[in-house]
Every structure is written in C-alpha cells, then in structure tokens.
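# Architecture and fold: a report
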Amino acid sequence: MSSTVEALAATPAGETPLLLRALRSEPVPRPPVWMMRQAGRYLPEYMAVRSKLSFLELCHDADLCCEVTLQPLRRFAFDAGIIFSDILLPLEAMGCPLTFGKGHGPQFSEPVRSRSAIDALRSIDPWRDLPAPLRAIQLTNARAGVPILGFAGAPFTLACYLVEGEGSKEWTATKSMMFTDPEAFTTLLNRLADMVGDHLQAQIDAGAAAVQLFDTWAGALAPDDYRRFALPAAQRALSRVKGAPTLYFTRDASPFLPWMREVGADAYGLDWRADMAHARAILGPDVPVQGNLDPQALQAPPALIAEKVRAIIAAAGPRGHVFNLGHGLVPTSPIAGVQAAIDAVRSWSWA
Ligand code: CP3
C-alpha cells in the first residue's frame, strides 16, 4: 500500500529499481546511490534508539533493526537500504561469545586458535539461530519501497576477528595460524564459507533484493595468500547463493583486481584508493562496479563533493555503476556532506 511506503526515493510502481538495473548493466538515467553504514552513529535518530539499549541488543530486535534501516531512507533519497545487523552476529550464533565494548570495537573472549576450537564451532540454521536480520528484511521490505540489501562477512574477514579475538592492524594470530597450520586455517575458512553462503541465501529467501559480501581485511594479504585463502573461500560462499545479485567488497585490495572476478560475484565494490576508470578496465567493461568516494571527502565544501562525485560517475561510465563510498560512513561524517553527495548523484543525467 502506498501509505506504508517510507523511503523518499521509493521506486514508482511497475518500474525496475535503479539498483537492479545497474547491477545488470542495463542503461540507467543516473547511477543508483546508497552508502555503506548509512544507518548508524552519524544520525541523531540512530543515537536516540541506541541510547536505550546496547548495539547487540539492537541487532537482535527485528522491529528496531527495521526502524534504524528505514531512518536514513526517510532522511535522504537513497535508492537502496541495507539491513541493520553486523557481520559478526553469525559467529556469536556459532558459539563464540561476542561483546562490543565502549570505545573499542568487537571482542571475542575465546579466540578460535586450535583445531579443537574449530571443530567446536556450531553449525547454524539461520532461521532458528539468527532470526532477527531475516525478520527485519521482511518487515523493512513491506515498508521501504526501495530494494533492501542483505549482507555477510566474507570467510577470511570473519576468520580475522575469530582467530585474533578483536580488530588488528597486523592480524598476527590469524597469519600465524595461516602460515603454521594452513590445513586448519582452510578448514576454518570452509566452515565459515558454508555458513555465510547459507546465511546470504536465507536473506534472499526472506526478500533481500541483492546481497553484499564484506571482505574488509582481504587487503592485508600478499597476492599469493589472497589467491590461496581469501579468494577461494569467498568463491565457495557465493557458489551457494542463487536468486539475487551478489556484490563483493574489499578494502586495500585493488592489486588483486586482475583475479578478483574468480570470486564469482555479480559486481565488485571498490575502495577509494582504486582509480575508477583503471579498475573498470582491469575487471572488464561488462563487470558492474560499486563505489568509491573517500568517506572523509564528505567533510569537503558541497561544491568540491559534487565535483568528486561527478568525476567518479564520469569515469565509471553509463552502465554497471552503483554509486557508493569507498568504505562506510563514520560517526563524524557530516549530514550535509552526505546530502551534497546524494544531490550530485541524483542531478547527474546520462541523457
Ligand atoms: O551499513 C549499514 O548501515 C548496515 C549495518 C552494518 C554494520 N556493520 C552496523 C554497525 C554493516 C554492513 C556492518 C558490517 C561490518 N561490521 C563490517 C564490514 C564492513 C566494514 O565496515 O569494514 C565489519 C568489519 C564489522 C565489524 C564491526 N562492527 C566493527 C569493527 C564495529 C566497531 C566499529 C566502530 O566504528 O566502532 C562494529 C560495530 C557496528 N556495526 C556499528 C554499526 C552501526 C556501531 C555500533 C554502535 O552503535 O555502537
């Protein structure tokens, strides 16, 4: 019913959403736009919800996940939403106690560093063990009026948190397992890949219009280790997924673009270090891409933001481009900068 549609940029009835047209490399008047972490701490309405409960409590409450997913869609004319959740929740469901402390990031109190710890990981059934994001997709789909993306962490990136126990710059414990017991590390990646594939498929079955696999830390690897560990694990996860387009996002991983297509995603997310035209030339003109404005550029004056946005769109070309940031919004991202970037995308015309 039209009265229940809440997104400013709701797709007119009978039209295919811009996001899906771009992901199929069909002609579009302008690229669709959404932003990673578009729900979150830079929004006062998110902080108001968060003041009443913890981040993890929020992630397990489907009604509130729906509400905070809709918040940025009511404020800005984004062409898609991304369901509010976190890549680490399925690991909690696999039996790994997870906390998000104040001022520091996620922590697992029992890092997975041995074969017995890998064997002890529980297999999960997404509907039984992690219903909130699936239920939230259903609720949000009924109200948003724009496509809703599901997501998961890629196996290598999840293994980083699980083995390390927390975020890191060097990933010492993770690489120690990778280099000293590569069979065990591969077993862990395969367990995670199968879980991630099933979790993404459940999100599609719940109504996600597309799904994104976040391989945020793949760029920490040397090229041969990327090809040996992260790439085949991401490929294994996506091989289990059918029925909606898939996106694969990496950070600091542009040097791996020549082989990245082997992951088998329908589109590739680029961070802001990638030169858009060069990246498209390497991936091939038929491969849709997403990105890639530096999130920190949203602090620039509106005219400079518009200039940078237009340069990215022009370099990407008329087909197969979804406009996004090169990584997520941060708590200090200025709302006026987000608005300026969206305005610049929406005023573009390929006609
Ligand atoms: O994009 C969205 O709006 C959807 C929700 C979403 C969150 N996390 C919410 C979140 C998504 C897609 C993620 C993905 C995620 N989570 C990644 C991959 C993408 C990336 O950003 O690299 C990673 C590595 C994580 C793990 C994670 N979750 C970290 C490291 C942190 C702490 C980081 C920080 O900035 O403090 C989180 C917490 C988190 N996930 C928040 C949000 C809104 C902040 C939590 C809060 O409200 O206190």
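An account of the accompanying structure is given in this report. It should be emphasised that the depicted structure is a prediction, and the values quoted were computed from it without experimental measurement.

Procedures and definitions
Residues numbered from 1 in each chain as written. Predicted model: local features only at pLDDT ≥ 70, side-chain atom pairs only at ≥ 80, totals over all residues. Heavy atoms only, no water. Helix = DSSP H or I, 4+ residues; strand = E, 2+ residues; numbered from the N terminus. Contact = heavy atoms within 4.5 Å. Areas by Shrake-Rupley, 256 points an atom, 1.4 Å probe, with all protein chains shown as cover. Lys, Arg positive; Asp, Glu negative; His and termini not counted. Charge placed at Lys NZ, Arg CZ, Asp CG, Glu CD. Pairing = 2+ DSSP bridges. Axes fitted to C-alpha atoms, helices over the stretch in contact; angles between N-to-C directions. Buried < 20%, exposed > 50% of the residue type's maximum accessible area, 1.4 Å probe, protein only. Right-handed = clockwise from strand over helix to strand, strands pointing away. Salt bridge = Lys/Arg side-chain N within 4 Å of Asp/Glu carboxyl O. Phe/Tyr/Trp six-rings, centres within 6.5 Å; stacked < 30°, edge-to-face > 60°. Lys NZ or Arg CZ within 6 Å of the ring centre and 35° of its normal. Polar contact = N/O pair within 3.5 Å; in protein donor to acceptor, adjacent residues only side chain to side chain.

What follows concerns the overall build of the protein chain. Along the backbone of the protein chain there are 16 helices and 9 strands. Dimensions along the principal axes, computed over C-alpha positions, put the protein chain at roughly 60 × 45 × 35 Å. Sequence separation of 24 or more characterises 74% of the internal contacts of the protein chain that already satisfy a separation of 6 or more. Only carbon and sulfur atoms are counted for the fraction: they give 53% of the accessible area of the protein chain, which is about 14100 Å². Averaging the locations of the 32 positively and 35 negatively charged side chains of the protein chain gives two centres separated by 3 Å.

The subject of this paragraph is the sheet that holds strand β6 (residues 246-250). Read from one edge of the open sheet, 7 strands run β1-β4-β5-β6-β7-β8-β9, paired in parallel fashion. Strand pairing shows two members of the sheet lacking a second neighbour, β1 (81-82) and β9 (321-325), which therefore form its edges. In the packing of helix α14 (residues 276-283) onto the sheet, contacts are made with β7 (267-269), β8 (289-293) and β9, and the angle to β8 comes to roughly 160°.

Bringing the pairing of β8 into the picture now. By the criterion of burial, β8 is predominantly enclosed, with 5 of the 5 residues buried. Sheet topology note: the β7/β8 ladder contains 2 bridges and is parallel. The residue of β8 that forms the bridge with Gly269 is Gln290. In terms of handedness, the path from β7 via α14 over to β8 forms a crossover that is right-handed. Strand direction decides the pairing type here: β8 and β9, joined by 5 bridges, are parallel. Across the sheet, residue Val289 finds its bridge partner in β9, namely His321. Regarding the hand of the β-α-β motif, the stretch spanning β8, helix α15 (residues 302-316) and β9 is right-handed.

Secondary-structure assignment places Leu231 in helix α12 (residues 223-239). Residue classification places Leu231 among the buried positions, given a relative accessible area of 5%. Residues Leu231 and Leu18, spaced 213 residues apart in sequence, show a C-alpha to C-alpha distance of 29 Å.

Time to look at the side chain of Asp215. By the element assignment, Asp215 lies in strand β5 (residues 210-215). As a buried residue without a salt bridge, Asp215 has its nearest oppositely charged side chain in Arg251, at a separation of 11 Å. Those residues within four positions of Asp215 in sequence are excluded, and the remaining contacts are Ala154, Phe156, Thr157, Ala230, Ala234, Tyr248, Phe249, Thr250 and Arg251.

It is worth spelling out the packing of aromatic side chains at this point. All chains considered together, the criterion is met by 14 aromatic pairs. Their ring planes at 90° and their centres at 5.7 Å tell us that Phe151 and Phe214 sit as a pair that is edge-to-face. In this pair, Phe151 sits in strand β4 (residues 148-153) while Phe214 sits in strand β5, placing the two residues 63 residues apart along the sequence. Comparing Phe151 with Phe214, the two get one shared label, buried. On the numbers, 5.1 Å between centres and 65° between planes, the contact of Trp348 with Trp350 is edge-to-face. Within the aromatic cluster, the residues linked to one another by ring pairs are Tyr46, Phe55, Phe84 and Phe100. If you follow Arg227 out to its NZ or CZ, it ends over the ring of Trp259, 4.1 Å from the centre. The ring of Trp272 has Arg273 lying over it, and the distance from NZ or CZ to the ring centre is 4.2 Å.

Here we come to the side chain of Thr174. If you trace the backbone, Thr174 turns up in helix α10 (residues 172-180). Residue classification places Thr174 among the buried residues on the basis of a relative accessible area of 0%. Within the structure, Thr174 has its side chain in polar contact with the side chain of Glu164 (distance 2.5 Å). Aside from chain neighbours lying at most four places away, what touches Thr174 is Phe156, Ala159, Cys160, Val163, Glu164 and Phe185.

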